[in-house]
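# Descriptive analysis of the structure
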Amino acid sequence: MCRLRRIKRKSWQSSCDKDVLLNILSVLTDLLSLGTGRRIHYVISKGGSEALLQALISAARTEPPDPSILLPLLRLLARVGQQDRKFGIKVQKAEATDVILSLTRQNLGHHLNLTHCLWVLRVCASNVAAGTMLGINGAMELLFKVITPYSKQHVRTVRAAIEALAALLKSKSNSRQAVNRGYLGGLLRLYQDWHHNDVSNNYIYIRRGLLLCLKHITNIQLGRETFLGSRGMEILFTSVQDCLSCKNLDPIVTTVTQILRKCYPKEPLPLVTVRSSYSFPLPGNVKTERPCMGSEDDNESDGEEDMETDLNKDDVESKEEDYDLETDVNKLRSRPGLDRPEEELGQYEAMCPELSLNFQELDSESEEEKKSEDRTENLPSTSSHFIPSGNSVKDPNCRWRTQSGTEAGSDPGEKDFKVPLQSSAKKEKCSRSLIGEKREIVETVQNANSYEEDPAKSDTFSPCPLPKEAAWYKKIFNPQCEASIDPTSGVRSETSEIMTKLLEEHQGNIPFHSPHFYIARAKGTKSIPAYRDLAFPDFWGHQPPPSCKPMLERQYGVQRDKVLDDVRRLIQPGDLIGRTVFDIDEPSHSSPGAPDCLTFFSKFESGNLRKAIQVREFEYDLIMNADVNTNQHHQWFYFEVRGMKLAVPYRFNIINCEKLNSQFNYGMQLVMYSVKEALQGRPLWLRAGHNISYYKNHYRCSAAAGGARGKCYYTLTFSIEFPHEDDVCYLAYHYPYTYSAMMSHLDVLEQSRNPKKVYWRQQVLCQTLGGNPCPLLTITAMPESRKSDDLEQFYSRPYVFLMARVHPGESNASWVMKGTLEFLVSSDPIADLLRKCFIFKIVPMLNPDGVINGNHRCSLSGDDLNRQWLAPSSQLHPTIYHTKGLLYYLRSIGRAPLVFCDYHGHSQKKNVFLYGCSIKETLWQAGCMVDTAVITEDVGYRTLPKILDKVAPAFVMSSCSFLVEKSRESTARVVVWQEMGVLRSYTMESTYCGCSHGLYKGLQLGTQELEEMGSKFCLALLILHLKSLPCSKKVMAQAALLLDLDEEITITDRAQRRYSNNSLETEDEPPCAEEIDYNTDSCSDGEGDFSELDQEIQECLSWVEGEAEDEGDTTGQTCSSKALRGLYISNQPSSSSTALPLSSASLGVYSGFESSPA
Ligand SMILES: [Zn+2]
C-alpha cells in the first residue's frame, strides 16, 4: 500500500506517461474492489480523495478530455467519495464542483460518460454544502435535461440523474429553489408517467428515485405546501394502491407512505385544551400549573426540520446514557441524613406496633375487637355512617344501588359531574372531601354484607332467569342514557333489584375477591369526578385464564395499511362521519346511543377515556385524559364500550399516545372483559385485539391548547371483534387493579388469614391529597409462644420493606403485589417459615389518587411521585413523605430493612427484572478508574436477583442493572440505598407484555403469572435469609425440609456467570432497541445507501460491449445487471468484461497533469 502511494504521488505529480497513469488507475480499481471498505478508508486516510480530485481536474482540462482516463477516474472517485465523510468539503476545497458540472454538461450527448459524471455528482451532493454549491451553479437544471418521461432509452443515465437530483435536494436551499422553479410539479408528473408506463415493474429504481426527490423536497414547509397544492397526496395515494399487492414494490410503498405521512397536514388534537379534564387545587397555594416535562427529543419543529441532525440521534442518546451515570464517588457513597427534624420521627413509632406489642395483654383481647380496632386505626370517626339502603339514601358514590335520584340534570351533584372543568365547583367538592365525610370502613363493609338481606330489597327482588336483552345491560350500565330517554321511569328500584340479583348470582368462586367488599370500599373511595359508577370487571372480579396467550404475531404491512387508511380520510372523505359520541368535557355535545354507533363510558375508577369520535361506521378515534393537573402522560387506558354488532371488526385509534415506541409493536395485546362472558361463568380479562400497531400520527401539540408546542403524538390502533352482540365490554391497557380492589382485597386477606399464626396489622400511613387512606401493612408470624426467647425472636426479626404502584398506570405492579400479599398470609409452610424470618412492612399502593382518577404517571399534584424521594413535601407528596419517615424511623432504631423493593411496571421491555444500586458497577460503566482498595462494596445486592433468576420463571437476571443514574437520584431505590444505607434496595420492573426467556418465552403474561412473580419474590427472600443471615437450627431444619437448599444456593453461582450488565435504565421506560418501522419521518430507509451505487458501478463494469442499447426491458427483473447491460455503447474497445482500458489508444492528455498542483 505504501509503495502504491509513493508511486501514485510521484506519478500524478510528474508523470507524463499516460500508460503509467492508466495502470495506476487499474491497479487502484482492482485493489479497492476487493475486500471490505478498509482499503478504501486507508486510501482516504492517505489523501486519496484529494489526489483523485486533482487527477480529475487535470484530466478535465485536457482538450479533448480522454475518456480512457476519465471513466476509470470517475468510477474511482464515486467509490472512494461515497466512503469519505469529508468528500464534499474536499471537493469544494479542490474547487472541483465546477469541473464536475462542466464535464457533465459536455457529456450530455454521451450517455456512458454522462452516467459516470452523474455518479460523482451524486456523491458530491451527499454533502449538503457541496450540494448547495452545485445547485447554485445550475446542477438541477442540468439534471432535468437528462431526466426524461418514461422511455426505455438510456435508463441507466436517467437513474443516475434522478439519484443525483435526490442527493441535491437534501439541501434545503436546493429544495427551495426547486419548488420555486416548479420542479415539484414536474417530479410528480414524471412519477405518474413512470408509474403508469412501467407496467412490468422493470424500473422500480427510477420510480423510487423520483419518490426520494419528492421526499426530500417535502422536508421543507414550502415543499409540503406545494406538494399539497399540486394534489400530491391524491396522486401518490392513488398510485400506491396498485403497488400494495406486490411485495417487490415495497421500497416504493414505503417511500410513498413516508411522504404521505410527512405531508399530511398537521392538526391539533380535537380538544379545546390538552390539559386534564380534571384539576385539583393544591394545598398551600401551590400553583397547579406544572411545567411540561415532555421529552425534548419528542418535539418536532414544524418548519424546516433538519433531517441531517436526525441521523446522529442514536449516537447522542447512547452518549447521554453514559453521561447520566453518577461518577461522583462522594455522591455514590452512603450519606445518611435527615430531610426533616429528628423529633418528627417519633410519630412513626405508632406504625411499628409489633415492636411494643404486649402479648399478655393481647391474649385477653378478643380476636374480633382487635380486628375492628386495627381496621379503624387512624380513621377519624364520624357520625355520618354510611347506611346503604337503596331506597332511603342517595349515595352519590355508587350508582349500583341508587341512581335515578341523582341522575336528573337538576341535581347539583350532576352539575359538578357534567362540568369537570368548572373550577369553583371542583374546589368546593375537593375541600369538602378533604375535610369531612370520613367513613367508617368497617361499618361500610358490614353494611354491605347485610345489604342483600335488606327487607326493602327483598320485596322488589324476584327470582327470574338471567336477562338476556340488551335493555337489561343498558339499565345497569348507563342509567344516564335511560334517564334521558325517560327521566321519570322507575330505573332505581329496577337497578337495585338487578344489583341484588347480580350479587345473588355471583358464583363467589374467584379467590380473594368479594363483590360485597368491593362495593363497600368503592363507596368510600374519593375521586375528583365523584364517580358513582363501578366498572363491572372490578366489581364482579377477574379469574385468570388457565393458560397465557402467545404474543401476537405481527402481520406483514399492518402499520402501512393503517397509515394509508388514515390518509384515506383526506383523499376519500366520503365515508367519514366525524361524530363525537363521548366527551367528558362536554357531555351535551356527545351523542351516546345514536343508531349504528358504539356507546362509550369511562366515569369509573381508573377509567380515563376523555373523548370518542366515530370516524367511520366501524372506526373510532379515542382520546385519553391527561393526568390530573398536567397536560400529558397518556398511556394507560380503561373504558367501557357497548352496543356492538357481532362479527364486525371495529377499529379503535388512541390518538394521543406519547411514548416513542410501544410493546404494542412487539406482540403485546390489550385486555378485554366481556360482561356477557362473565355472566356465563367466564369472568376473565383476556388479551385481545389484532392488527395492532403503534406509530407517529399527524397530531401535534400546540401552545394554544395548553401543551408543549410541536410535541408529537402517536396512535395506538387495534381492531376488535367482540364476542357477543350488544354486549358490555371493557378495554384496558393492562389488567386493571383499582384502589377499591386493593382495599377490598386487604379486607379479604385479613379475613382469610389464620390469626393464630399470622400477625397482621393494617394501618393508615396517611391520607392522600384526595382524602383517601393510604394503607400500611405489617405482616409477620405470631410468636411461637409467650416465652421470652420466642418473644425476643419476634421482636428482633429483620425488616423487609415492600411497596407498589407509585405509578398508577402500572397495574401489573399491583398484581405482583397481590401475589406477594396472598403468599405472605397463606398457610403455605414456606410462607410460615418466611414470616418467622422477617417483619414485612408493605405499602401496597403509594399513589391511590392517581390510580382512582385514571392517571398514568402522576399524583393529584401532577408530580411523578417516584421523583420526589430526595425531598418529599409533606403537603404535596404525603405518601412519599411518610413512607420515607417510617424508613428513617426504622433506621434510627437500628432496624433499617434488609431488603427494600418498589414494584413497578415496564412498558418497553419484556420479562421481569430488578434495578439495584452499585457504586463499582456504576463507575465501571461510566469508564471511571476504580481503586478497589479505596472503594469497597458488599456485593450482597446481587444475591436476591440471582436467586430470583433461579426460582421465578418470568425473571431474567441479564435484564437487571445496578447502575446509579443522576436522573434517578430522587427515586425510591436510590434514596433508600443512599440515605437509609440499604444495600439491597431495588426497583422491580414487570413487563406489560411477556417474556423473551425461560418458561414463558413467547407468551404474554397474565395476572396469574404476575401474581406468581409476587409469590416467588417471597420464596427468594426466604432463600436470601438462609444464605445471608445466621439462622436458628430450627429454621434451617424446617427450610431443609421445604427447599432443595443445596441446589438453590449453589445454582446462583451459575446464574452469576450468565449475568451480563448490558442494560441501562435510562428512564423507567427507556427507548426500545427493537427495529420496526414505526417512525414517520425516519430517513434511514436505505435511500442514501451507497451499496446500491456500488452495484450500479459493478453492473456497468460487467456490461458487455456491443449489445443493443434498448435491451433493458427484456427481463422482468428491475435493473438487474442483465437488463441494464448494454445500455451504453462503449467507445472503449475492450476485450475483457472488466472494461478497464489499459491500452494507450489515444494520447495527448498529460499536459494537464503536469500543471496541476501537488
Ligand atoms: Zn414505574
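All residue numbers refer to position in the chain's written sequence, counted from 1. Note on the predicted model: pLDDT of at least 70 is required for a residue's local features to be given, and 80 or more for side-chain atom pairs to be given and counted; whole-chain, interface and lining totals, by contrast, use all residues. Side-chain metrics rest on all non-hydrogen atoms present in the structure, leaving aside hydrogens and water.

### What about the overall build of the protein?
Helix numbering and strand numbering both begin at the N terminus, where a helix is a DSSP run of H or I of at least 4 residues and a strand a DSSP run of E of at least 2. Counting secondary structure elements, the protein contains 49 helices and 18 strands. Out of the 1158 residues in the protein, the part that is buried amounts to 61%. Throughout, a residue-residue contact means that at least one pair of heavy atoms, one from each residue, lies within 4.5 Å. Partitioning the intrachain contacts of the protein with sequence separation of at least 6 by distance along the chain shows that 80% fall at a separation of at least 24. With an accessible surface of roughly 43,100 Å², the protein has 52% of that area assigned to carbon and sulfur atoms. The cut-offs for exposure are 20% and 50% of the maximum accessible area for each residue type, with area from a 1.4 Å probe on protein chains only; residues under the lower value are buried, those over the upper are exposed, and the others partly exposed. The method behind every accessible area is Shrake-Rupley, applied with a 1.4 Å probe, and residues are considered shielded solely by the protein chains displayed.

### Details of the pairing of strand β11 (residues 728-732)
Judged by how many residues are buried, β11 sits mostly within the fold: five of five residues are covered. Here β11 shows a buried face lined by Val728, Tyr730 and Ala732 and a second buried face lined by Cys729 and Leu731. Here, a strand pair is defined by DSSP locating no fewer than two bridges between the strands. Examined bridge by bridge, strand β5 (residues 638-642) and β11 share five bridges and lie antiparallel to one another. In the strand pairing of β11, Phe639 is matched with Leu731.

### Examining the coordination of the zinc ion
Atoms of type N, O and S within 2.8 Å of a metal are treated as its donors, and for Na, K and Ca the window is 3.2 Å; water is not considered, so some sites may appear to be missing partners. Here the zinc ion is held by His807 (ND1), Glu810 (OE), Glu810 (OE) and His904 (ND1), and the distances to it run 2.1 to 2.2 Å. Written as a sequence motif, the donor residues of the zinc ion are H-x2-E-x93-H. Here the two residues His807 and Glu810 agree in accessibility, since each one is buried.

### Considering the sheet that holds strand β2 (residues 599-601)
Taken in spatial order, the five strands line up as β2-β5-β11-β7-β8 in an open sheet, and their pairing is antiparallel. Edge positions in the open sheet fall to β2 and β8 (685-688), since each of these has one partner strand only. Each neighbouring strand pair of the sheet contributes to a mean axis angle of 30°, computed without reference to strand direction. Pairing of β2 with β5, which is carried by three bridges, proceeds in the antiparallel orientation. Its bridge partner lying in β5, Phe601 is registered against Glu640. To obtain each axis, a line is fitted to C-alpha atoms, and for helices this fit is confined to the stretch in contact; angles are then taken between N-to-C directions over 0 to 180 degrees.

### Structural notes on helix α15 (residues 221-229)
All of the buried residues along α15 are Gly223, Arg224 and Phe227. Summarising the axial view, the buried residues of α15 lie within an arc of 100°, below the 170-degree limit, and thus occupy one face. Buried residues in α15 make contact with α12 (172-180), α13 (183-197), α14 (204-217), α16 (232-241) and α17 (250-263). Arg231 lies just past α15 and shows a positive phi near 60°. The directions considered for the arc are those from the helix axis to the C-beta atoms.

### Quick notes on the sheet that holds strand β17 (residues 912-915)
If you trace the seven strands from one edge of the open sheet to the other, you get β12-β13-β15-β14-β16-β18-β17, paired in mixed fashion. Of all strands in the sheet, those bounded by a partner on one side alone are β12 (758-767) and β17. Neighbour-to-neighbour, the strand axes of this sheet turn through a mean angle of 20°, independent of strand direction. Sheet strands in contact with helix α40 (residues 878-892) are β12, β13 (773-781), β14 (799-804), β15 (839-843) and β16 (899-906), and its direction is about 130° off that of β12.

### Some thoughts on the side chain of Ser276
Tracing the chain through its elements places Ser276 in the loop between α17 and α18 (307-310). Only 3.0 Å separates the side chain of Ser276 from the backbone oxygen of Ala626, close enough to count as a polar contact. We call two N or O atoms a polar contact when they sit within 3.5 Å, provided that within protein one can donate a hydrogen and the other can accept it, with sequence-adjacent residues counted only if both atoms are side-chain atoms.

### Brief notes about the side chain of Asp863
By secondary structure assignment, the location of Asp863 is in the loop between α39 (848-852) and α40. With relative accessibility at 9%, the residue Asp863 sits in the buried group. A polar atom in the side chain of Asp863 sits 2.8 Å from the side chain of His877.

### Focus: the packing of helix α38 (residues 829-837) against helix α45 (residues 1033-1042)
Close contact between α38 and α45 brings their axes to 10 Å; oriented N to C, the two are set at 155°. Between α38 and α45, the crossing angle belongs to the class labelled roughly antiparallel. α38 and α45 meet at a crossing whose hand is left-handed. Every residue of α45 that contacts α38 at Pro829, Ile830, Leu833, Lys836 and Cys837 is listed here: Val1035, Gln1038, Ala1039 and Leu1042. The scheme is simple: roughly parallel for angles under 35 degrees, roughly antiparallel for over 145, roughly perpendicular for 65 to 115, oblique for anything else. Take the far helix as your reference; a near helix turned counterclockwise from it by less than a right angle gives a left-handed crossing, and one turned clockwise gives a right-handed crossing.

### Considerations on the UniProt feature "active site" (unreviewed entry) in the protein
UniProt positions are given in the numbering used here, feature names are shortened, and annotations may be inferred rather than shown by experiment. Under the local residue numbering, the UniProt record ascribes the feature "active site" (unreviewed entry) to Glu989. Mapping Glu989 onto the fold places it in strand β18 (residues 984-991).

### What to know about the confidence of the model for the protein
Each residue gets a pLDDT score, which is the predictor's confidence in that residue and runs from 0 to 100. Confidence along the protein averages 78 in pLDDT terms, with 74% of residues attaining 70 or more. In the model, residues 9-15 has pLDDT below 50 throughout and makes 14 contacts with residues more than four positions away in sequence or in other chains. Contacts of residues 1046-1088 to residues separated by more than four positions or lying in other chains number 116 contacts, the stretch itself having pLDDT below 50.

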